[in-house]
Amino acid sequence: MSTLTLTRRRGLAVVGWLGPVARRLGSGLAVLWAAATAAYVSLLLVPGDTVDVLIGDGLDTPERRAQIIAEWGLDRSALRQYGDYLARLLHGDLGHSYILQRGVGDILASQIGPTVRLALTAALFGSVLALALALTTAGRRPWLGGLAGLSELVAVSVPPFLIGILLLAVFSFTLGWFPVSGDQGPVSLVLPAVALSLPICGVLGQVLREGLERALEEPFAVTARSRGITERRLVARHALRHALLPAVTLTGWFTGTLLGGAIIVESVFGRPGLGQVTLSAVTGKDMPVVMAVVLLSALVYVTVSTIVDLTYLAIDPRLRSSR
């Protein structure tokens, strides 16, 4: 192959990537802008004066009112206020909590660690359990697949907070194997992670098992069996790769599930994290913190979805040519 031909192919490959990547990044920025705008509009739609809304249940003094008017530019036109708000976000300024008397960025930074540990542990546990169930039940006896399907349906149907209460009743109150609340090391992370991961395991396990069963009926599987390959090697080396493709698309979905479920699970188990911060902000009418949590959730979701889409393009080159 000549150098010119090789260079031309590499150039075409790069061009094939540019369009999908640019479109995905553009849509991600549009979602972030929409989330920021929705948070700002929600502030304006709350009944009452904007200064009263931002103060919330905090101390109401003339000095604080003047500070809020200056920071948010409430003495300027509505369009200028909106532009200043977006400009502050672009510079990483999430505002100030007038109840906690701290910067919102500092509040979120101090609590994001426990939530990230909980979410990653739950994602790992749910993915491993779903993969194990799919590998042990796909293509086996029908009653085994039916039992797995029933278990997955129960895991998806039961809310995480109820699972957490049941786990606490059995393993903490009765058996005393795990602490009731708090963040006291890896042991205290087990029950919250299990409660948060079971709904993910239910959906992901069903998708993986159905993908494996479809893959085992494809022509390539018939050809592989005719060559004497064992069923276990067929699943591990060929069918699993095909079954993982639809499961990748669920990553964005269970990221949202983890973010939403963590708020409730952290409250049930008395853990620190963004869940406790969000609940405290909602009950205390701390709008700057609520708005920042909405923006952070949108940023995490967009980031994960973008990575998943680009990974999907890398796995299946046909998508690049079709787009």
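Conventions used here
- Residues numbered from 1 in each chain as written.
- Predicted model: local features only at pLDDT ≥ 70, side-chain atom pairs only at ≥ 80, totals over all residues.
- Heavy atoms only, no water.
- Salt bridge = Lys/Arg side-chain N within 4 Å of Asp/Glu carboxyl O.
- Buried < 20%, exposed > 50% of the residue type's maximum accessible area, 1.4 Å probe, protein only.
- Helix = DSSP H or I, 4+ residues; strand = E, 2+ residues; numbered from the N terminus.
- Expected span 1.5 Å × (residues − 1).
- Arc of directions from axis to C-beta.
- Phe/Tyr/Trp six-rings, centres within 6.5 Å; stacked < 30°, edge-to-face > 60°.
- Lys NZ or Arg CZ within 6 Å of the ring centre and 35° of its normal.
- Axes fitted to C-alpha atoms, helices over the stretch in contact; angles between N-to-C directions.
- Left-handed = near helix turned anticlockwise from the far one by under 90°.
- Nonpolar A, V, L, I, M, F, W, Y, C, P; charged D, E, K, R; others polar.
- pLDDT = per-residue confidence, 0-100.

For side chains of opposite charge, pairing can occur when their charged atoms come near one another. For the structure shown, the criterion picks out three salt bridges. The partner of R76 in a salt bridge is D84, and the shortest N-O contact between them spans 2.5 Å. Assessed through its relative accessible area of 40%, R76 is described here as partly exposed. With its nearest N and O atoms 3.5 Å apart, the salt bridge here joins R80 to D84. Separated by four residues within a single helix, R80 and D84 lie in helix α4 (residues 78-90), roughly one turn from each other. For R80, a relative accessible area of 47% corresponds to the partly exposed category. Since its relative accessible area comes to 17%, D84 is described here as buried. It is possible to trace a salt-bridge network through shared partners that takes in R76, R80 and D84.

Attention shifts here to α4. Along its 13 residues, α4 runs 19 Å from first to last C-alpha, staying within 8% of the 18 Å computed at 1.5 Å per residue. Every buried residue belonging to α4 is among Q81, Y82, D84, Y85 and R88, and all of these are buried. Projected onto a plane normal to the axis of α4, the buried residues spread over an arc of 160° and lie on a single side. Turned more than 90 degrees away from the buried face of α4, the exposed residues are L79 and L90. Just past α4, the residue G92 takes up positive phi, approximately 80°.

With that settled, the discussion passes to the packing of aromatic side chains. This model, assessed by the stated rule, comprises five aromatic pairs. Ring centres of F171 and F178 lie 6.4 Å apart, and the angle between their planes is 75°; on these two criteria the pair is classed as edge-to-face. The exposure class of F171 is partly exposed, given its relative accessible area of 26%. Clustering of aromatic rings is evident, with ring pairs tying together Y40, W72, Y82 and Y85. Sitting over the ring of W72, R88 keeps its end group 4.9 Å from the ring centre.

Let us look at the packing of helix α5 (residues 104-137) against helix α8 (residues 187-215). For the pair α5 and α8, interaxial distance at closest approach is 6 Å and the crossing angle is 35°. Our pair here, α5 against α8, has a crossing hand that is right-handed. Grouping the constituent residues of the contact of α5 with α8 by class yields 19 nonpolar, six polar and three charged.

Within the protein, residue pLDDT values average 77, and 80% of them lie at 70 or more. When pLDDT is averaged over each element of the protein, α4 comes out on top at 86 and helix α14 (residues 318-322) at the bottom at 52.

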